[in-house]
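Architecture and fold: a report
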Amino acid sequence: MWATRNTCASNTTTASSSPARAHVNGIESFWSYAKRRLVKFNDVPRPTFYLYLKETEFRFNHRRDNLYSVTLSILRKNPLSTS
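Attention here is on the structure that accompanies the text. Values in this document were obtained by computation on a predicted structure and should not be read as measured data.

1. Observations regarding the environment of Phe-49
By secondary structure assignment, the location of Phe-49 is in helix 3 (residues 49-61). Between the C-alpha atoms of Phe-49 and Leu-38, which are 11 residues apart in sequence, the distance is 9.6 Å. Beyond its immediate sequence surroundings of up to four residues, Phe-49 is in contact with Leu-38 and Val-44.

Here you go:
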């Protein structure tokens, strides 16, 4: 039993310094952010949940940027059509 614990501890130490572990931390960070943001909306309808999730993804990916500037530049490159 002790050998198993020792092996697991060794793997955990190795995994925390690998790029794959950083990827897992990024996913956990996103879901933590998403849960905090989506809890503000009560009873998100199932058919439009993906839209709320996509907005959360956009906000997470640009959390250090000025969202107004980013959105404006996207809309300038791809204007909304009127039809």
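Next, the rest of the story.
2. Examining the pattern of salt bridges
It is possible for side chains of opposite charge to pair when their charged atoms get near one another. According to the stated counting rule, one finds three salt bridges in the structure shown. As a salt-bridge pair, Arg-37 and Glu-55 come within 2.9 Å of each other at their nearest N and O atoms. Of this pair, Arg-37 sits in helix 2 (residues 19-38) while Glu-55 is found in helix 3, placing the two residues 18 residues apart along the sequence. Classification of Arg-37 as buried rests on a relative accessible area of 15%.

Thresholds, definitions, all that
- Residues numbered from 1 in each chain as written.
- Predicted model: local features only at pLDDT ≥ 70, side-chain atom pairs only at ≥ 80, totals over all residues.
- Heavy atoms only, no water.
- Helix = DSSP H or I, 4+ residues; strand = E, 2+ residues; numbered from the N terminus.
- Contact = heavy atoms within 4.5 Å.
- Salt bridge = Lys/Arg side-chain N within 4 Å of Asp/Glu carboxyl O.
- Buried < 20%, exposed > 50% of the residue type's maximum accessible area, 1.4 Å probe, protein only.

Fair warning: the whole summary comes from geometry, so function is off the table for now.
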